[in-house]
Amino acid sequence: MNSELRELYQQVILDHNKNPKNFGKIENHNHSSEGFNPLCGDHIHLYLHTDGDIITDISFEGGGCAISKSSASMMTAFVKGKTLAEANHLFERFHEMVTGTGSDDDAYEDLDKLAVLQGVKEFPVRVKCASLAWHTLVAALKNSPESISTE
Ligand code: ZN
């Protein structure tokens, strides 16, 4: 990755950290879940409203490092309006990207801006920061009553 691109990526992460999308609590949520990443101290609470098969609204509270917060911000913006099946597929794609288990020449263009987080695959602790919001999303969609931990 050239340094210009790296700077652009860092800027996207910093912008989402400073002005997160969908931050707060939606009152009429019908799914919620809490996620922790004890290695870094990240903690998020996710709220969702689904109508049939569609995620009609989603928000989060909490925070931690810039990676976890910007990832939560981008994730909520990206899955809003998507179906549950699409959200699960995106989770798999995102997980593949940040863990580096996908194909090397995959540009993850389907993940749009979320692709800025692919640099975390070189840093195992950061992988947990970046994927916390997604693990919490999957738990919320299953209506899991317990909070989840990346550990
Ligand atoms: Zn973190």
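The structure presented is a predicted model; accordingly, all values stated were derived computationally and were not measured. (Residues numbered from 1 in each chain as written. Predicted model: local features only at pLDDT ≥ 70, side-chain atom pairs only at ≥ 80, totals over all residues. Heavy atoms only, no water.)

Novice: Help me understand the overall build of the protein chain in this model?
Specialist: Secondary structure summary: the protein chain contains 4 helices and 4 strands in total. When the elements of the protein chain are put in sequence order from the N terminus, they spell out α-β-β-β-α-α-α-β. Against the 2.2 N^0.38 benchmark of 15 Å for 151 residues, the protein chain shows a C-alpha radius of gyration of 14 Å, consistent with a compact globule. Counting only C-alpha atoms, the protein chain reaches 45 × 30 × 30 Å along its principal axes. Here the protein chain, with 151 residues, has 43% of them falling under the buried criterion. Considering only residue pairs separated by 6 or more positions, the protein chain has 59% of its internal contacts joining residues 24 or more positions apart. If you sum the accessible surface of the protein chain, you get close to 7,800 Å²; carbon and sulfur atoms cover 49% of it. Across the protein chain, the 13 positively charged side chains and the 22 negatively charged ones have centroids separated by 5 Å. (Helix = DSSP H or I, 4+ residues; strand = E, 2+ residues; numbered from the N terminus. Rg over C-alpha atoms; globule rule 2.2 N^0.38 Å. Buried < 20%, exposed > 50% of the residue type's maximum accessible area, 1.4 Å probe, protein only. Contact = heavy atoms within 4.5 Å. Areas by Shrake-Rupley, 256 points an atom, 1.4 Å probe, with all protein chains shown as cover. Lys, Arg positive; Asp, Glu negative; His and termini not counted. Charge placed at Lys NZ, Arg CZ, Asp CG, Glu CD.)

Novice: So what exactly am I meant to see when it comes to the nonpolar core here?
Specialist: Note on soluble globular proteins: their nonpolar side chains tend to be buried together. Counting residues in each nonpolar core, the largest one holds 39 residues, and the members touching the most others are V79, F94, L117, W134 and L137. Elements represented by at least two residues in this core include exactly helix 1 (3-18), strand 2 (42-51), strand 3 (54-63), helix 2 (66-79), helix 3 (84-99) and helix 4 (124-141). Ranked by the residues each element gives to this core, the list is headed by helix 4, at 10 residues. Filtering out sequence-adjacent residues up to four positions away, F94 remains in contact with S71, L111, L114, L117, A130, S131 and W134. (Core = buried A, V, L, I, M, F, W, Y, C linked by side-chain atoms within 4.5 Å.)

Novice: I'm lost on helix 2 in this one. Help?
Specialist: Quick reminder: α-helices carry 3.6 residues per turn. Residues three or four places apart thus point the same way. For helix 2, built from 14 residues, the straight-helix expectation of 20 Å at 1.5 Å per residue is met to within 8% by its first-to-last C-alpha distance of 20 Å. Counted residue by residue, helix 2 has 12 buried out of 14 residues, so it is predominantly covered. Residues I67, S68, K69, S70, S71, A72, S73, M74, M75, T76, F78 and V79 constitute the buried set of helix 2. Phi turns positive one or two residues past the end of helix 2, at G81, with a value near 90°. (Expected span 1.5 Å × (residues − 1).)

Novice: Whenever I open this one, the coordination of the zinc ion confuses me. Can you help?
Specialist: Four donors placed tetrahedrally around a metal ideally meet at 109.5 degrees, and six donors placed octahedrally ideally meet at 90 or 180 degrees. Protein coordination of the zinc ion is provided by C40 (SG), D42 (OD), D42 (OD), C65 (SG) and C129 (SG), with donor distances spanning 2.1 to 2.6 Å. The sequence pattern formed by the donor residues of the zinc ion is C-x1-D-x22-C-x63-C. One end of the pair, C40, is in the loop between strand 1 (31-37) and strand 2; the other, C129, is in helix 4, with 89 residues separating them in the sequence. (Donors = N, O, S within 2.8 Å, 3.2 Å for Na, K, Ca; no water.)

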